[in-house]
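Listed below, chain by chain, are the residues.
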Amino acid sequence: MELADILAKGSVIACAKVASKRQLLQLLADKAVDLVGVESHQIFETLVSREQLGSTGLGNGIAIPHGKLEGIAGVTAVFARLDQPIDFDSVDDQPVDLVIMLLAPAGSGADHLKALARVARLMRTDNVTEQLRNTRDTGKLYEILTAPIEATNAA
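Residues numbered from 1 in each chain as written. Predicted model: local features only at pLDDT ≥ 70, side-chain atom pairs only at ≥ 80, totals over all residues. Heavy atoms only, no water.

Enquirer: Lay out the confidence of the model for the protein with the relevant residues and their values.
Expert: When pLDDT is averaged across the protein, the result is 91; 95% of the residues are at 70 or more. Here residues 151-155 is modelled with pLDDT under 50, and outside its nearest four sequence neighbours on either side it reaches nine contacts, counting other chains as well. (pLDDT = per-residue confidence, 0-100. Contact = heavy atoms within 4.5 Å.)

And the structure:
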């Protein structure tokens, strides 16, 4: 599974201005409404419920909030690059500035896990995270995120 399969060009937020984890989750939920056809409050509650199980802040300034929802067609992603890092209760206690939210259909076991693995692998690539942090252009962020893994490793 490639990120281009689940991340639309219009679902990249270049310079998100949020001050808290709740604000960020709300921003992501609002952005996902048109992509998945589910109301913002449902998406937000799904993300908050998942965070209550344990933070999706992976460390190194990266978070992958995710959840499963009834009534959506497939795995969908939204990316946000934050203007200022925020506290996200990450495993390394470091603030977060790069966030990819994943939403999956309620019955999707393998697809959800494949998407999580793909995103986590991409975000562990130092030159990718460096490139993401060094641009404020939505189109360029999308290009970086959707480049084949071989290309991101070679850059």
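Enquirer: Requested: an account of helix H5 (residues 138-146), with residues and values cited.
Expert: Those residues of H5 lying buried are Leu141, Tyr142, Ile144, Leu145 and Thr146. With a side-chain oxygen positioned 3.2 Å from the backbone nitrogen of Gly139, the residue opening H5 is Asp137. (Buried < 20%, exposed > 50% of the residue type's maximum accessible area, 1.4 Å probe, protein only. Helix = DSSP H or I, 4+ residues; strand = E, 2+ residues; numbered from the N terminus. Polar contact = N/O pair within 3.5 Å; in protein donor to acceptor, adjacent residues only side chain to side chain.)

Enquirer: Break down the side chain of Ser90 for me, citing the residues and quoting the values.
Expert: Here Ser90 is to be found in the loop between strand E5 (76-86) and strand E6 (96-105). A polar side-chain atom of Ser90 sits 3.5 Å from the main-chain carbonyl oxygen of Gln94.

Enquirer: Residue-level account of the environment of Leu103, with values.
Expert: Relative to the assigned elements, Leu103 resides in strand E6. Look at Leu103 and you get buried, because its relative accessible area is 0%.

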